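Coordinate inspection notes
Residues per chain, in single letters:
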Amino acid sequence: MALEQLCDVVQRCQAIKDEGFSPEDYDLFFTAGRTCLEQGNSAQVLSILVDEKNKNIVRCMGWNLLGPLVQILLKKEDKNLPHCHAILSHLLEICSPKELLVGLLEQVEEADTGSIAETVTLLLKPLQTVLLRLGMKKASSVGMALSTLLSQVARLPVPVTKEQEEDDVFGLCHCCTALLQFVKPFVEEVKEGVKDNNRISKDNELRVELLKFCMKSLSKPLLEVQLKDPDTLLKSPLRDFATEILIILSSIGESLPDLLSRNVLKRREVPGFLEEEVRYPKESLACLSHLLFVDHIAVDIFPAVLSPIFVLQCNMEYIELLLSRTEESHLLKGLVLYEKSLIRVEDNSLPVDLLELKTFFSVPQNLVKVMTLCPDQTLRTKGLKVFQLSIDKFNTEAKYKFFKGMLKTSHHAGVEGYIIKNIKNQIDFSLKPCNGNDWFLGKHLLPLLRLVLCLPHGPETDLLQNLDRIMESLNLLRYMLIRDKEWENETGIWTELYKIEDNYLKPLRTGLNMSKAHYEAELKSAKENKKISSKDSKASVCTVTVDNEKLPNMTPEMQIQVLQSAVFTFDLIESVLTRIEEIIETKERPLS
Amino acid sequence: FMMAADPARAWSDEQLKGEEIPKRELITFIQENAAHSFLSEHKLLGNIKNVAKTAKKEQLIEAYNQLFESKRFKGTEVDAVTEQVQAAKISDAPKEIKTEPVDEGPPKFTKTILKKGDKTNFPKKGDTVSCWYTGTLEDGTVFDSNIPATAKKKKQTKPLSFKVGLGRVIRGWDEGLLVMSKGETARLEIEAEWAYGRKGVPDSKIPPNAKLIFEVELVSID
C-alpha cells in the first residue's frame, strides 16, 4: 500500500541526522507520495507533510511532488481539491524557493497546448509567492519565470473578432490579465527605486528583466493582435494588457518618446552597443509605435508636444520593418502606421534632406512591392493610397528628387505611369499663377522629362508591357504642348522638342508601326486557322503547366481575343501619338 | 582670388594655455579662417561639437599656431571640394533634420513669466532640457500634462527631457524654451502655425488651427 510505504519512509528518515537522505529515500518518498495523491489519499498526505517532525524531510523532498500535485489540481476533481491546495501552500512555504521555482516552471513548460491557459492560471500565484521569498536575489529568477510564462502564453491562438475576444476560448486574454497581476509587486519594487531620484541604475537586474518582459510582450502576442477600439468593444482585456505594458515601461524609467526615437538618434559609439540592440528589439518598438499612434493606447502618458515631422522620422524605421514582412497582418499595420504618421504632417512640408535618410527611400520601395505583388487586393489598394499620401507631403524639391529616384529604380511600368501622372500634376500646379518654382519649371524640369520621355529599350521596347508608362508620358507631353504656349515656353518644352522627337517620338512611331503590323498579321492568320480547324480539333503547339495543373489550352477564340485587344491597345497609343504629331506640325507651320 | 589681409592672432600663448578660451571658440576661429585642406589634415572638419569631442586642447593650440606659421588661410589654396566628396558624405548616419522654415516674421508665440528663473543659464540649441508642463486649449481643456499632481492617470515621475532647438518638438516649444532661464516658470501661448497648424492632431483633443497654451517650468539644462 502506497500510504504505508510513505509512512515507512518518512518514519525512517525522521531518524536520519543532518538531512543525510539517500537517493533511494528521495525515490521512495516521491513514488509513494505520488501514488497516494493519485489514489485520492490527499488528506493523509497532507497530515504527514504538515507534521512538525517531518519538517526537514518535506523541505528537502517535498518539491518533487509538485508534478503530480499540479496534474491533480488541473483535473479539478472537487473531492481532493481543498487538500491538494493545502499541500501546495504548505510546500510553497517550507521548501527551498529555488527548487520550487524549478518544479513549477517545469510544469509550465511541459503543459501541452490544450492546458497552457489552465496551467498558467493555476501556477501564477504560487510562482509569485516563491519569487517574493527570494528577496534581493530574485531578479534572475523573475526573468526566467517571465520568459517561460510568456513563451507558453505566446503559443495560444490570438482572437481575431470581438466575439472571439469576448469568448476567449483559448484563454489568451485571461492569461494576459493574470500576468499583469503577477508582475505587479516586482514593478512596484522597481518603481519605488526609480522615483527615489534614480536610486536604481539603468542596469539594475530586476528593472532589466521587467524591460525584457515588456519588450517580449510587445512582440508576442501584442504585434499579432488587432486591437478593437472602445466603440467596438467596451471592455477589452487585450487593450488593457497593452495599456498596462506601456505604463509599466514608463514606471520603470523608460521614457516612451525616447524608446520611439532610439533608432533615429542612437550613437554608434555606445559601449555594449550590441547589448542595447538586444534590449530594445526593433520589432517590439514597431508594435509600441503602432499602439501609440494607431490604437491610441496610453495616450495620456505620451507627451503631445512632439513635432509631427520628428514623429514621422522615428516611425519610418518601424514602418520599414513592418512593410518588409510577408504576413498580411504586419503589412496592414505598417500601412496604417504610415498613414497615421503622414496625416499629422502638413501637405508640401517635408523637406528634401529627409530623402537622404535611408528609410525615406526604402519605405517607398517596400510600398511598391505591396502595391504590385501583394496577393490581397485591399492591401494593394491601400498601399497605393498611402503612396500618394506620402507624395503629397513632400515639398516641391523633395517631390522632384523622389520622382527622379523612383523613375530610375522602380522598373515597373505601372509605378512609372503613376509617377509620371504625378509629375504632370506638379507641372500643372506650377504653371498656375504664384506657384512657379525651379523644379517643375525651368532648368530642372528638362532632366526629369528626359527620364519620362524615353523608351527603355529603344524601338524594340515591348509596348504592351510598358503601356501604362507610355500612355502617361504621352498624355503628359500632349498636356504640356497644349497648356504651355509656344511663345511663353515656361516649361522649356518647345526648345527641347526636336530632341524629344528624335529620341522618343520617332522611335515610338517606328516601334508602334512594327508591332501593329506584326500583330495584325498574327490576327489574320489566327482567324484563318480558326476557319480551318473548326472542322477538326487541332493539337495545340504548346501547353502551360502551373503548380502541376495543366492550364486549359487557349482556344482559337481566346487567341483571337488576345491579339485583337493588343491591336486595340496599339490604336490607343497611336491616337495620342498622332494627336501630338498634329499639334507639333500645326505650331511649326509658319503663319502665313 | 581676392587678396584680403591675413587674419590676425587674437590670442597669446598664455591665453591659449589657460582656461579662458573654450575649445569651441578656438575651433570656430580655425574653421572660419583656415583653408579646407588645412582643416582636413588637422581633422578639424565638420560639426563643431563633434570636433570638440575628439580634439584635445593641445592639438587645437598646435593647429592654431601652425595656421599662423604656414599662413594656409582660406582663399590661399584652391579648395577642391568636388561633387564626389559631397556625394560621399551622404550616409546612413543619423541626421538632425532642420525642419524650421527659413521664413522671417514675428514669432508666433508669446511668453509671460510666472516665476523668474536664474536669468543667467539659458539653453542653447542641442542642449537637453527637462521640464514640467501643462498644456491647455483656449477653452481651458487640458490636453496634456506631465505633472503628477494635476494629471490623475499619470504614472510618470520624471520631467520631460529632450534636446531643444532641433525640431523634435513643436516650434513654439523650441523657440520658447530657448528664451527661458533655468528655474523659470512661464506661460507660452503658441499660435497654431508654430504648434499643430491646420491639421491639429487627428484622433486627439487638439483640433485644427488650435492655439495652445502651456505652463512650463524649465527644471534643468544639460
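Residues numbered from 1 in each chain as written. Chains lettered and ligands numbered in written order. Predicted model: local features only at pLDDT ≥ 70, side-chain atom pairs only at ≥ 80, totals over all residues. Heavy atoms only, no water.

1. Overview of the overall build of chain B
If you tally the helices and strands in chain B, you get 7 helices and 6 strands. Listing every helix and strand of chain B by position from the N terminus yields α-α-α-α-α-α-β-β-β-β-α-β-β. A burial count over chain B gives 39% of its 222 residues as buried. With an accessible surface of roughly 13,100 Å², chain B has 53% of that area assigned to carbon and sulfur atoms. (Helix = DSSP H or I, 4+ residues; strand = E, 2+ residues; numbered from the N terminus. Buried < 20%, exposed > 50% of the residue type's maximum accessible area, 1.4 Å probe, protein only. Areas by Shrake-Rupley, 256 points an atom, 1.4 Å probe, with all protein chains shown as cover.)

2. Details of the overall build of chain A
Regarding its fold elements, chain A presents 27 helices and 2 strands. Taking all 592 residues of chain A together, 51% fall into the buried category. Across chain A, the fraction of contacts at a sequence separation of at least 24, relative to all contacts at a separation of at least 6, is 74%. When the accessible area of chain A is evaluated, it comes to approximately 28,600 Å², of which 53% is carbon and sulfur surface. (Contact = heavy atoms within 4.5 Å.)

3. What about a nonpolar patch on the surface?
Together, Val544(A), Val546(A) and Leu551(A) make up a nonpolar patch on the protein surface, roughly 230 Å² of accessible area in all. Among the secondary structure elements, Leu551(A) is positioned in the loop between strand S2 (549-550) and helix H27 (556-588). (Patch = residues over 30% accessible without salt bridge, like charges linked within 9 Å, V, L, I, M, F, W, Y side chains within 5 Å. Salt bridge = Lys/Arg side-chain N within 4 Å of Asp/Glu carboxyl O.)

4. So, the packing of helix H22 (residues 396-409) of chain A against helix H24 (residues 442-452) of chain A
Residues and elements named next belong to chain A. Put simply, H22 and H24 touch, their axes get as near as 10 Å, and they point 25 degrees apart. In terms of orientation, H22 lies roughly parallel with respect to H24. At the point where H22 passes H24, the crossing takes the left-handed sense. The residues of H24 that touch H22, namely those facing Tyr-400, Phe-403, Lys-404, Leu-407 and Lys-408, are His-444, Pro-447, Leu-448, Leu-451 and Val-452. Its residues assigned to classes, the contact of H22 with H24 comprises 7 nonpolar, 1 polar and 2 charged. (Axes fitted to C-alpha atoms, helices over the stretch in contact; angles between N-to-C directions. Parallel < 35°, antiparallel > 145°, perpendicular 65-115°, else oblique. Left-handed = near helix turned anticlockwise from the far one by under 90°. Nonpolar A, V, L, I, M, F, W, Y, C, P; charged D, E, K, R; others polar.)

5. What to know about the pairing of strand S3 (residues 142-145) of chain B
Residue and element names in this part refer to chain B. Looking at chain direction, strand S2 (residues 128-137) and S3 are connected through 3 bridges and run antiparallel. Bridge pairing in S3 places Gly-135 opposite Asp-144. The turn linking S2 back onto S3 is made up of 4 residues, and Gly-140 within it adopts a positive phi angle of 95 degrees. (Pairing = 2+ DSSP bridges.)

6. Let's talk about the environment of Met371(A)
Residues and elements named next belong to chain A. Note that Met-371 resides in helix H20 (residues 359-373). Given the relative accessible area of 13%, Met-371 is considered buried. Contacts of Met-371, omitting those with residues within four sequence positions, involve Arg-380, Gly-383, Leu-384 and Phe-387.

7. Side note on helix H13 (residues 237-251) of chain A
Residues and elements named next belong to chain A. Taking 1.5 Å per residue as the helical rise, H13 with its 15 residues ought to reach 21 Å, and the 20 Å between its terminal C-alpha atoms agrees with that figure. With 11 of its 15 residues buried, H13 lies for the most part within the structure. Every buried residue of H13 is accounted for by Leu-238, Arg-239, Phe-241, Ala-242, Ile-245, Leu-246, Ile-247, Ile-248, Leu-249, Ser-250 and Ser-251. Backbone geometry just downstream of H13 places Gly-253 in the positive-phi region, at approximately 95 degrees. (Expected span 1.5 Å × (residues − 1).)

8. Details of the pattern of salt bridges
Residues and elements named next belong to chain A. The full count for this structure, using the stated rule, is 34 salt bridges over all chains. As a salt-bridge pair, Lys-53 and Asp-51 come within 3.9 Å of each other at their nearest N and O atoms. Several salt bridges converge on common partners, so that one network encompasses Arg-509, Lys-516, Asp-571, Glu-574 and Glu-581.

9. What about the confidence of the model for chain B?
Residues and elements named next belong to chain B. Taken as a whole, chain B shows an average pLDDT of 81; of its residues, 80% reach a score of 70 or greater. Between residues 79-94, whose pLDDT stays under 50, and residues either more than four places distant or in other chains, the model counts 12 contacts. Here the prediction assigns the complex a pTM of 0.82, and the interface score ipTM is 0.80. (pLDDT = per-residue confidence, 0-100.)

10. A short note on the packing of aromatic side chains
All chains considered together, the criterion is met by 23 aromatic pairs over all chains. Geometrically, the ring pair formed by Phe29(B) and Tyr64(B) is tilted, given 5.4 Å between the ring centres and 55 degrees between the ring planes. With Phe29(B) in helix H2 (residues 23-33) and Tyr64(B) in helix H5 (residues 57-70), this residue pair connects regions lying 35 residues apart in the sequence. The buried category is assigned to Phe29(B), whose relative accessible area is 15%. You can call Tyr64(B) buried: its relative accessible area is 0%. Every member of this aromatic cluster is reached through a ring pair, and the members are Phe361(A), Phe387(A), Phe394(A), Tyr400(A), Phe402(A), Phe403(A), Tyr418(A), Trp439(A) and Phe440(A). (Phe/Tyr/Trp six-rings, centres within 6.5 Å; stacked < 30°, edge-to-face > 60°.)

11. Quick word on the pairing of S2(B)
All names here are of chain B. Among the 10 residues that make up S2, 9 are buried, leaving the element largely enclosed by the rest of the structure. Across 4 bridges, S2 lies against strand S4 (residues 160-163) in antiparallel orientation. Bridged to Thr-128 within S4 is Lys-163. Of the pairings in the sheet, the one linking S2 to strand S6 (residues 212-221) comprises 9 bridges and is antiparallel in character. Bridge pairing in S6 places Thr-136 opposite Ile-213.

12. Quick notes on unusual backbone geometry
The amide bond that connects Lys220(A) to the next residue, Pro221(A), takes the cis arrangement and shows omega of 10 degrees. Even without being a glycine, Asp203(B) presents a positive backbone phi close to 65 degrees. Tracing the backbone through its elements, the reader meets Asp203(B) in the loop between strand S5 (185-190) and S6. Despite not being glycine, Asn209(B) shows a phi value in the positive range, around 55 degrees. On the secondary structure map, Asn209(B) appears in the loop between S5 and S6.

13. With respect to helix H2 (residues 23-38) of chain A
All names here are of chain A. If you check H2, its first and last C-alpha atoms are 22 Å apart, about what 16 residues at 1.5 Å a residue would give, namely 22 Å. For H2, the full list of buried residues reads Asp-25, Phe-29, Ala-32, Gly-33, Cys-36 and Leu-37. For H2, the buried positions fall inside an angular range of 130 degrees around the axis, keeping them on one side. Exposed and oriented more than 90 degrees from the buried face of H2 are Pro-23, Glu-24, Asp-27 and Glu-38. Each element contacted by the buried residues of H2 is listed here: helix H1 (2-15), helix H3 (42-50), helix H4 (55-61), helix H5 (66-75) and helix H6 (81-94). With its phi angle positive at about 95 degrees, Gly-40 sits one or two positions after the end of H2. (Arc of directions from axis to C-beta.)

14. Examining a positive patch on the surface
Among the surface-exposed residues, Arg24(B), Lys49(B), Lys53(B) and Lys124(B) lie close enough to one another that they form a single positively charged patch. You can see Lys53(B) is positioned in helix H4 (residues 48-54). (Lys, Arg positive; Asp, Glu negative; His and termini not counted. Charge placed at Lys NZ, Arg CZ, Asp CG, Glu CD.)

15. Side note on the nonpolar core
Within the largest apolar cluster, 225 residues are counted, with the highest numbers of intra-cluster contacts made by Trp173(B) and Phe214(B). The biggest single contributor to this core is helix H11 (residues 172-195) of chain A, with 13 residues. The contacts of Phe214(B), once residues within four sequence positions are left out, are Val305(A), Tyr133(B), Thr134(B), Gly135(B), Phe143(B), Ile170(B), Trp173(B), Ala186(B), Arg187(B), Leu188(B) and Ile190(B). Counting 22 residues, the second largest nonpolar core, distinct from the first, contains Trp11(B), Leu44(B), Ala55(B) and Phe68(B). (Core = buried A, V, L, I, M, F, W, Y, C linked by side-chain atoms within 4.5 Å.)

16. Quick look at the environment of Lys124(B)
Residue and element names in this part refer to chain B. In this fold, Lys-124 is placed in the loop between strand S1 (109-115) and S2. With 96 residues separating them along the chain, Lys-124 and Ser-220 place their C-alpha atoms 12 Å apart. Those residues in contact with Lys-124 that lie beyond four places of it in its chain are Val-164 and Leu-178.

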